[in-house]
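Fold and contact review
Residue-level listing of the chains:
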Amino acid sequence: TNILGQWKSSADGTGIYFNQGNVGIGTTQPEFPLEISSDQSPQLRIRRNTGGNPADALIRLTTDSENWLLGVDYSDNNKFKITKHFDDITSGTAITIDNQNVGIGTSSPGAKLTLAGSNSPDLTFVASGLHESQPVGRIFGGYNSVSWADDYLQFQSTDSTDGSLVDTMTLKNGNVGIGTASP
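This text gives an overview of the structure that appears in the document. The written sequence of each chain sets the order in which its residues are numbered from 1. Reporting in this predicted model follows two pLDDT cut-offs: at least 70 for local features of residues, and 80 or more for side-chain atom pairs to be given and counted; totals over whole chains, interfaces and linings ignore these cut-offs and use all residues. Only hydrogens and water are set aside when side-chain values are computed; all heavy atoms of the structure are taken into account.

1. Topic: a nonpolar patch on the surface
Quick note on the threshold: Patch members must show over 30% relative accessible area and no salt bridge, and they are joined within 9 Å when carrying like charges or within 5 Å when they are nonpolar side chains of Val, Leu, Ile, Met, Phe, Trp or Tyr. All accessibility values rest on the Shrake-Rupley procedure with a 1.4 Å probe; residue burial counts only the protein chains present in the view. A pairing counts as a salt bridge when a side-chain nitrogen of Lys or Arg comes within 4 Å of a carboxyl oxygen of Asp or Glu. Helix and strand assignments come from DSSP, with helices taken as H or I runs of at least 4 residues and strands as E runs of at least 2, each series counted from the N terminus.
Taken together, the side chains of I16, I25, L34, I36, L44, I46, I59, L61 and W68 define a hydrophobic patch exposed on the protein surface, amounting to about 750 Å² of accessible area. Counting residues per element, the ones that place at least two in the nonpolar patch are β3 (34-36) and β4 (57-62).

In structure tokens:
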């Protein structure tokens, strides 16, 4: 076969190849715009050069309708973040990993898993299998921004008759309600 524009840095085929619009590193037949192949553990490293100004190490992912940014936020103690703010890793963080803590909706996770949202973040459980779009349970909480009087934590489970979520247990103002949202 005639292969045009091919780079090869070694005789054993482990070099860099340009083949029909695709670039292969460690493969002579890349099937994607960039394909990395290795007998070892293939890795891609994106790194800020030493010296110069401190900067974030980022990857931008774009489709026709969506933009995502993921990378290391140098200005926030080198936390790993994922956001839909394509030009700013510090804004609107969807997921943050800080040491061993993961935050969803927050850039400062204070526990192994921290969920943050406007007034009532929730955690929904969906079973795999027959009814994947149907939640089987949900935990959520809320608060009154004026006082702590209306804070609550609520547990819901699936009603076996119609599949709707029903109140199973509510914790509010030191009271526990079983089967009611108003203990």
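2. Details of the pattern of salt bridges
What counts here: Note on exposure labels: buried denotes an accessible area under 20% of the residue type's maximum, exposed denotes more than 50%, and partly exposed covers the range between, all computed with a 1.4 Å probe on protein chains only.
This model, assessed by the stated rule, comprises 5 salt bridges. Measuring nitrogen to oxygen at the nearest pair gives 2.9 Å for the salt bridge that ties K81 to D76. Look at D76 and you get buried, because its relative accessible area is 18%. When salt bridges with common partners are traced through the structure, they connect D73, D76, K79, K81 and D98 into a single cluster.

3. Some details on the side chain of Q156
Applicable threshold: We define a polar contact as two N or O atoms separated by no more than 3.5 Å, with the added condition that, inside protein, one atom must be a possible hydrogen donor and the other a possible acceptor, whereas residues neighbouring each other in sequence contribute only through side-chain atom pairs. Throughout, a residue-residue contact means that at least one pair of heavy atoms, one from each residue, lies within 4.5 Å.
Following the sequence through the fold, Q156 ends up in strand β12 (residues 152-158). With a relative accessible area of 14%, Q156 lands in the buried category. Polar side-chain contacts of Q156 include one of 3.0 Å to the side chain of D167. If near-sequence neighbours (up to four positions away) are discounted, Q156 is found in contact with G137, R138, F140, L165, V166, D167 and T168.

4. Some words on the sheet that holds strand β11 (residues 135-142)
As a general point, the strands of a sheet are linked pairwise by backbone hydrogen bonds and lie either parallel or antiparallel. Rules: For two strands to pair, DSSP has to find at least two bridges joining them. Only the contacting stretch of a helix is used when fitting its axis, a line to C-alpha atoms as for every element, and angles between N-to-C directions run 0 to 180 degrees.
An order of β10-β11-β12-β13-β14 is seen for the 5 strands of this open sheet, with the pairing classed as antiparallel. Edge positions in the open sheet fall to β10 (122-126) and β14 (175-178), since each of these has one partner strand only. Put simply, the sheet's adjacent strands are angled 15 degrees from each other on average, direction ignored. The sheet contact formed by β11 and β12 spans 6 bridges and is antiparallel.

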